[in-house]
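Given next are the chains, with one letter for each unit.
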Amino acid sequence: MKKNISKKNHNFWVEIVSILILLIVLGSSIFFIYYIKRTYSKKVLEICRSINTGIEAISIESILQEELSFISDYISRIKKVKGLIISKINIFKFENGSLSIISSTHEENLEKDKIKEMLKIKSQDFKETDDFLIYYLPLYWEVNKKSYFLGIIEIFYSKNHLYSEYYNYRNFLIFVILIITTIVSFLIYFYILVNRKLEEKMEEVRMLSLTDELTKIYNRKKINQSLTDEVNRAKRYNTSFSLIMYDIDHFKQINDTYGHDIGDTVLKNVVKVVASNLRITDIFGRWGGEEFIIICPNTKREEGYKLAERIRNTIENFSFPTVKNLTCSFGITELISSDDENSILRRVDD
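Figured I'd write up the structure that's included with this text.

Cut-offs used in this document
Residues numbered from 1 in each chain as written. Predicted model: local features only at pLDDT ≥ 70, side-chain atom pairs only at ≥ 80, totals over all residues. Heavy atoms only, no water. Helix = DSSP H or I, 4+ residues; strand = E, 2+ residues; numbered from the N terminus. Contact = heavy atoms within 4.5 Å. Areas by Shrake-Rupley, 256 points an atom, 1.4 Å probe, with all protein chains shown as cover. Axes fitted to C-alpha atoms, helices over the stretch in contact; angles between N-to-C directions. Parallel < 35°, antiparallel > 145°, perpendicular 65-115°, else oblique. Left-handed = near helix turned anticlockwise from the far one by under 90°. Nonpolar A, V, L, I, M, F, W, Y, C, P; charged D, E, K, R; others polar. Buried < 20%, exposed > 50% of the residue type's maximum accessible area, 1.4 Å probe, protein only. Core = buried A, V, L, I, M, F, W, Y, C linked by side-chain atoms within 4.5 Å. Pairing = 2+ DSSP bridges. Polar contact = N/O pair within 3.5 Å; in protein donor to acceptor, adjacent residues only side chain to side chain. Phe/Tyr/Trp six-rings, centres within 6.5 Å; stacked < 30°, edge-to-face > 60°. Lys NZ or Arg CZ within 6 Å of the ring centre and 35° of its normal. Salt bridge = Lys/Arg side-chain N within 4 Å of Asp/Glu carboxyl O.

## Quick look at the overall build of the protein
So, step 1. Across its full length, the protein holds ten helices and nine strands.
So, step 2. Nonlocal contacts in the protein, meaning residues at least 24 apart in sequence, comprise 64% of its contacts between residues at least 6 apart.
So, step 3. Element-wise, carbon and sulfur atoms account for 55% of the exposed surface of the protein, whose accessible area totals about 21600 Å².

Printed below as a string of structure tokens:
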């Protein structure tokens, strides 16, 4: 017997498109943040290059004369214009094959490993930590086409100050994206939920229009539709089907004796007994009153007869509440080439 309630047909494509829109919004947002980061990174690099060039130009004089006033004044001017971008500067002088620090710092004595590492720096080098961008500027003095290594400048740039504008912009952008994503997600969810509820209601209404209210199996309208479909299918593919009709014997007497409530209970119990003997492909419905019809696709008359006989015996031997025993009368026929839905119905009724 076919299921009385079909699967809900949700709008699959609407859900897919909605998810794609959400993914596009998130993907575009991530790309935009990445693009802004690259833009600010280039801007930061230009700032550092500019400052490095100025420090490198004046620090040769500082190294030679061990005068730090030049670079101190320069740093003071930078701080007035750009804030606390430079956190610290170390100036290392090269003498007797080693480096010594001449700027004021807590690093009074350099470790040998750091000296060896810094002596390997031959051109501008760059290192990044969680808090700083660190630039290393080796200083050379050109005299008579000869180059003399004077020392190294180590500059600590504060990432918090260099990227402060970017961090503020990024955090604001992330906040806006989260708000937009939340709203869009809610709207998509709300649309899908409402759409599903609407589909469920429409399916429920549709099934109610095709279902017998008392027995919860198909009604006469649905049986007529199914019978027309089966006749057309059988003729198109040169197959056949059997049609079974049965009614409950002396049903009026049951109503008169026990009342219509018991009569309704008898109808529902008989339907349960019959349904338990049917295949999932069989179509079972109430034709009217105590009459019922079973459409058995791809079933010859002999097979239909065996099914009808099995159902008849089951009902006859079943003990029903209150009425105990009852019987049913069956008609069975098979579709022939000249049949339409009306002729096969007349024949099974006869």
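## Considering the packing of helix H8 (residues 260–275) against helix H9 (residues 301–316)
So, step 1. It is at 10 Å that the axes of H8 and H9 come closest, and there the two elements cross at 135°. Relative to H9, the element H8 is oriented oblique. Two packed elements cross with a definite hand, and for H8 against H9 that hand is right-handed. Mapping the contact onto sequence places Val270, Val273 and Val274 in H8 and Ile311, Thr314 and Ile315 in H9.
So, step 2. Taken together, the residues of the contact of H8 with H9 sort by class into five nonpolar, one polar and no charged.

## Quick word on the environment of Val25
So, step 1. Inspection of the secondary structure puts Val25 in helix H1 (residues 12–65).
So, step 2. For Val25, a relative accessible area of 25% gives the class partly exposed.
So, step 3. Put simply, Val25 and Ile180 are 155 residues apart on the chain and 8.9 Å apart in space, counted from C-alpha to C-alpha.

## A look at the nonpolar core
So, step 1. Core analysis: the biggest nonpolar cluster contains 30 residues, and Ile55, Ile86, Ile89, Ile153, Ile155, Tyr157 and Leu162 have the highest contact counts within it.
So, step 2. Mapped by element, the contributors of at least two residues to this core are H1, helix H2 (69–82), strand S1 (86–95), strand S4 (132–143), strand S5 (146–158) and helix H5 (164–210).
So, step 3. Counting residues per element, this core draws most heavily on H1, at nine residues.
So, step 4. Among the nonpolar cores identified, the runner-up in size contains 26 residues, and Ile254, Val273, Phe292 and Phe320 belong to it.

## Brief notes about the pairing of strand S9 (residues 328–334)
So, step 1. Here S9 lies mainly inside the structure; five of its seven residues are buried.
So, step 2. One ladder, built from seven bridges, connects strand S6 (residues 241–248) with S9; its direction is antiparallel. Bridge pairing in S9 places Asp247 opposite Ser329.

## Some details on the sheet that holds S9
So, step 1. Pairing is antiparallel across the open sheet formed by four strands, whose spatial order is S7-S8-S6-S9. In this open sheet, the two strands that pair with only one neighbour each are strand S7 (283–288) and S9. Across this sheet, the average inter-strand angle for adjacent strands is 20°, counted without regard to direction.
So, step 2. Two strands pair when backbone bridges link them, and S6 and strand S8 (residues 291–297) are joined in this way by seven bridges, in the antiparallel orientation. Looking at S8, one finds that Leu243 is bridged to Ile295.
So, step 3. The sheet contacts of H8 involve S6, S7 and S8, and relative to S6 the element is tilted by about 150°.

## Regarding the side chain of Ser242
So, step 1. As for its position among the elements, Ser242 is in strand S6.
So, step 2. Of note is the side chain of Ser242, whose polar atom sits 3.0 Å from the backbone oxygen of Lys300.
So, step 3. When residues no more than four places from it in sequence are discounted, the contact partners of Ser242 are Ile294, Ile295, Cys296, Thr299, Lys300, Arg301, Gly304, Ile332, Thr333 and Glu334.

## Details of the packing of aromatic side chains
So, step 1. Tallied over the full model, the rule gives ten aromatic pairs.
So, step 2. Relative to Phe190, the ring of Phe186 lies with its centre 6.1 Å away and its plane at 20°, an arrangement referred to as stacked. With Phe186 and Phe190 both in helix H5 and four residues apart, this pair spans about one turn of that helix.
So, step 3. Classification of Phe186 by relative accessible area gives exposed; the value is 52%.
So, step 4. When the centroid spacing of 5.2 Å and the interplanar angle of 15° are considered together, the rings of Tyr246 and Phe292 count as stacked. Of this pair, Tyr246 sits in strand S6 while Phe292 sits in strand S8, placing them 46 residues apart in sequence.
So, step 5. In this structure Phe292 comes out as buried when scored by relative accessible area, which is 0%.
So, step 6. Aromatic rings pair up to connect Tyr246, Phe284, Phe292 and Phe330 into one cluster.
So, step 7. Here Lys37 stacks its cationic end above the ring of Tyr163, 5.7 Å away from the centre of that ring.
So, step 8. Note that Lys222 overlies the ring of Tyr218, its terminal NZ or CZ placed 5.3 Å from the centroid.

## A word on the pattern of salt bridges
So, step 1. Under the criterion given, the structure shown has eleven salt bridges.
So, step 2. Of the charged contacts, one joins Glu46 and Arg49 as a salt bridge, the two residues approaching to 3.3 Å between their closest N and O atoms. You can see Glu46 and its partner Arg49 sitting in helix H1, three residues apart, about one turn around the helix.
So, step 3. Glu46 gets classed as partly exposed once you look at its relative accessible area, which sits at 46%.
So, step 4. One salt bridge in this structure joins Glu316 and Arg312, with 2.9 Å as the shortest N-O distance. Here the residue Glu316 and the residue Arg312 both occupy positions in helix H9, the gap between them amounting to four residues, near one helical turn.
So, step 5. Taken together, the salt bridges that share partners define one network made up of Glu309, Arg312 and Glu316.

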